[in-house]
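Architecture at a glance
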Amino acid sequence: MNEKAYWYYFLNLGKLYYAGGLDTNYQGERHITYEFVNNNFFAYPFFDRDIAQQIADELGGHLITVKGTFNEFVAQGNRWGKYLEEVRKK
């Protein structure tokens, strides 16, 4: 049985790929930090193109469109999640 094709997106900035952002409020000021990885294996998979494009516009990056199955999208999300868990343990 063929799986339905899904499109998802990576945000690319030069040789780096978006891996997440943290929105914080410090002393009444909003601060956003972004994290990047050097390959798309651990990159955050955006399902919503508009949100991905908005962040890409803010950072001066561009989107890479990936056509895959839903299972591939979930697997990418799982790899990204495990990466974040490991990074935040340090």
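Presented here is a report on the structure given in the accompanying data block. All values reported here derive from a predicted model rather than from experimental measurement. (Residues numbered from 1 in each chain as written. Predicted model: local features only at pLDDT ≥ 70, side-chain atom pairs only at ≥ 80, totals over all residues. Heavy atoms only, no water.)

Think of an α-helix as turning once every 3.6 residues; residues three or four places apart then point the same way. Between the first and last C-alpha of helix 2 (residues 70–89) there are 29 Å, a value that for 20 residues agrees with the 28 Å anticipated at 1.5 Å per step. Looking at helix 2, one finds that the buried residues are F73, Q76, W80, Y83 and L84. Buried residues in helix 2, looked at end-on, bunch into an arc of 100°, giving them a common side. Within helix 2, the exposed residues directed more than 90 degrees away from the buried face are K82, E85 and K89. (Helix = DSSP H or I, 4+ residues; strand = E, 2+ residues; numbered from the N terminus. Expected span 1.5 Å × (residues − 1). Buried < 20%, exposed > 50% of the residue type's maximum accessible area, 1.4 Å probe, protein only. Arc of directions from axis to C-beta.)

Judged by nonpolar contacts, Y8, F10, Y17, A19, V37, A43, V66, F73, W80, Y83 and L84 together constitute the single largest core of eleven residues. Considering every element that reaches this core, the biggest residue donor is helix 2, with four residues. Apart from residues lying up to four places away in sequence, F73 is in contact with Y8, P45, F46 and F47. Core analysis: the second largest hydrophobic core is formed by eight residues, F46, A52, I55 and A56 among them. (Core = buried A, V, L, I, M, F, W, Y, C linked by side-chain atoms within 4.5 Å. Contact = heavy atoms within 4.5 Å.)

Geometry only, nothing functional implied.
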